[in-house]
Amino acid sequence: MKIPSSIWTLLIGIGLTLASLWYGQNHGLLPTAASDEAILIDGLFNSMMTVSVGIFLLVEGALIYSVIKYRRRPGDQGDGPPVEGNVPLEILWTAIPAIIVIGISVYSFEVYNDIGGFDPHAVHEAPMNQSSMNMPGAAIAATLTEAPANRNQAKSDEAMQDPATAAVRNADQIPQKVDAPGVGSVAPTLGASPDKAGQPASLIVNVTGMQYAWIFTYPDTGVTTGELHVPIGREVQVNMTANDVIHAFWVPEFRVKQDAIPGRQSEIRFTPKTVGDYALICAELCGPYHGAMRTQVVVESQENFDKWMQEQLVASHETMNQAIAVNPANLTPDEFLAPYIKEMGIKPETLHQIHH
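The model shown is predicted, which means the values in this text are computed figures rather than measured ones.

What counts and how
- Residues numbered from 1 in each chain as written.
- Predicted model: local features only at pLDDT ≥ 70, side-chain atom pairs only at ≥ 80, totals over all residues.
- Heavy atoms only, no water.
- UniProt positions renumbered as here; feature names shortened; annotations may be inferred.
- Helix = DSSP H or I, 4+ residues; strand = E, 2+ residues; numbered from the N terminus.
- Pairing = 2+ DSSP bridges.
- Buried < 20%, exposed > 50% of the residue type's maximum accessible area, 1.4 Å probe, protein only.
- Arc of directions from axis to C-beta.
- Contact = heavy atoms within 4.5 Å.
- Expected span 1.5 Å × (residues − 1).
- Polar contact = N/O pair within 3.5 Å; in protein donor to acceptor, adjacent residues only side chain to side chain.
- Patch = residues over 30% accessible without salt bridge, like charges linked within 9 Å, V, L, I, M, F, W, Y side chains within 5 Å.
- Areas by Shrake-Rupley, 256 points an atom, 1.4 Å probe, with all protein chains shown as cover.
- Salt bridge = Lys/Arg side-chain N within 4 Å of Asp/Glu carboxyl O.
- Axes fitted to C-alpha atoms, helices over the stretch in contact; angles between N-to-C directions.
- Parallel < 35°, antiparallel > 145°, perpendicular 65-115°, else oblique.
- Left-handed = near helix turned anticlockwise from the far one by under 90°.
- Nonpolar A, V, L, I, M, F, W, Y, C, P; charged D, E, K, R; others polar.

Q: Outline the UniProt feature "transmembrane region" (unreviewed entry) in the protein chain, supporting the account with residue identities and numerical values.
A: Cross-referencing UniProt, the feature "transmembrane region" (unreviewed entry) maps to residues 7-24, 44-68 and 89-109 in the present numbering. Overall, residues 7-24 shows 100% helix and 0% strand. The separation of its end C-alpha atoms is 26 Å. The annotated region residues 89-109 carries 100% helix and 0% strand content, and the separation between its end C-alpha atoms amounts to 31 Å.

This is the structure we're talking about:
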């Protein structure tokens, strides 16, 4: 009995759908999802993988079928039959990709918004100059919207109130970028979900990128370290900038990434949910030793985090007492600090870049 082509089409469609759904959820291409934000990113990635696998199987399957079905037989020297265009088919294969692209775009924006990448309530008006005030409606707009101050400078001043942060940043040597006219602030923010918008993060860490290391300072305690320690289940706000060139703060298991840019104050938020040690990688080519700019992010229980913080405070206090007691006047800062960099987790080649 010959099976109708409509039945074959239905069976093939069901098979393709099931295969795409299975592989889209079981591809195993992503590392461990170690933050709350990673769940949202993985959902988007799995959806795009499902759609991509379905399209790949459909297109490649049709090509393979056509190559086998319509191949030239031995002895066949005739021309192929003339085939004219099929308007309904062309509309179909144009409309379906358009719908898929629009759907993925909307889904992507929702995920971006859910991890705090877009704040519809943020003010994006640049300060008005005299020429812009002469434009029609400018005076009315000025009365409705108050132009914000330079957020980069404000955030930099706030971070520099922490002595430990001020000791490692060259903010006084790097002018802070002003707000971009017509665009808004050039202080990128990512990670604060809408349900936490406007709320202070549980833990604030100031991060300074330099060739070729990350320096972490905890404003609440004044601790400075070369590793990032965070407690599980608490939202972490990372305020970052760079002392020299562009770097990028990227932990693959957290699925979030943010650039650290000289003259700009970037912010990224995440909530770790899985205990473990994760690699923090610089994802921007920052020089010949870019590949070595790696450190660890340690996600631990609140109890272990508090214990680690106390150990850092004690070690810092002992180091300071020892430094006051034994520092000879003829040693340079680099020579004097060299014996203590191992305790801080800082590489020797980056010591000379710390601002004093």
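Q: Describe the sheet that holds strand S1 (residues 189-190), with residues and values.
A: Taken in spatial order, the 6 strands make up an open sheet running S1-S9-S6-S2-S3-S4, and their pairing is mixed. Sheet topology places S1 and strand S4 (223-225) at the edges, where each strand pairs with a single neighbour. Bridging between strand S2 (residues 203-210) and strand S3 (residues 213-218) involves 5 bridges; their strand directions are antiparallel. Pairing of Thr 208 across the sheet is with Ile 215, part of S3.

Q: Would you mind going over the environment of Asp 172 in detail, with residue names and values included?
A: Secondary-structure assignment places Asp 172 in the loop between helix H7 (163-168) and S1. For the pair Asp 172 and Ser 156, spaced 16 residues apart in sequence, the C-alpha to C-alpha distance is 9.8 Å.

Q: Give me the lowdown on helix H6 (residues 151-160), citing residues and values where you can.
A: Because the α-helix completes a turn every 3.6 residues, residues three or four places apart line up on one side. Residues of H6 that are buried: Asn 152, Ser 156 and Ala 159. Mapping the buried residues of H6 onto a view down its axis gives an arc of 65°, with all of them on the same face. Buried residues in H6 make contact with H7 and S2.

Q: How would you explain unusual backbone geometry if you had to name every residue and give the values?
A: The linkage connecting Gln 211 with the following residue, Tyr 212, adopts the cis geometry, with an omega of 5°. Along the polypeptide, Tyr 212 turns up in the loop between S2 and S3. One non-glycine residue, Arg 255, lies in positive phi territory at about 65°. Within the secondary structure, Arg 255 is located in the loop between strand S7 (247-251) and strand S8 (256-260).

Q: Quick one: what's the story with helix H3 (residues 87-114), residue by residue and with numbers?
A: In this model H3 runs 41 Å from its N-terminal to its C-terminal C-alpha over 28 residues, within 8% of the 40 Å that 1.5 Å per residue would give. In the segment just after H3, Gly 116 is the residue with positive phi, at about 85°.

Q: Account for the side chain of His 290, naming residues and giving values.
A: Here His 290 is to be found in the loop between strand S10 (276-282) and strand S11 (294-300). Look at His 290 and you get buried, because its relative accessible area is 19%. Reaching out from His 290, the side chain makes a polar contact with the backbone oxygen of Glu 284 at a distance of 2.8 Å. In this view, His 290 contacts Tyr 212, Cys 282, Ala 283, Glu 284 and Leu 285; residues no more than four positions away in its chain are not counted.

Q: Can you break down a nonpolar patch on the surface residue by residue, with the values?
A: On the surface, Ile 3, Ile 7, Trp 8, Leu 11 and Ile 12 cluster together into a nonpolar patch covering about 460 Å² of accessible area. Checked against the element boundaries, Ile 12 lands in helix H1 (residues 5-25). For Ile 12, a relative accessible area of 49% corresponds to the partly exposed category.

Q: Hey, could you go over the packing of H1 against helix H2 (residues 36-69) for me, with residue numbers and the actual values?
A: It is the contact of H1 with H2, at a shortest axis distance of 8 Å, that shows an interaxial angle of 140°. As judged from the angle between their axes, H1 and H2 are oblique. Viewed along their axes, H1 and H2 form a crossing whose handedness is right-handed. Residues Leu 16, Ala 19, Ser 20, Leu 21, Tyr 23, Gly 24 and Gln 25 of H1 form the contact with H2, whose own contacting residues are Asn 46, Met 49, Thr 50, Val 53, Gly 54, Leu 57 and Leu 58. Residues of the contact of H1 with H2, tallied by class, amount to 8 nonpolar, 6 polar and no charged.

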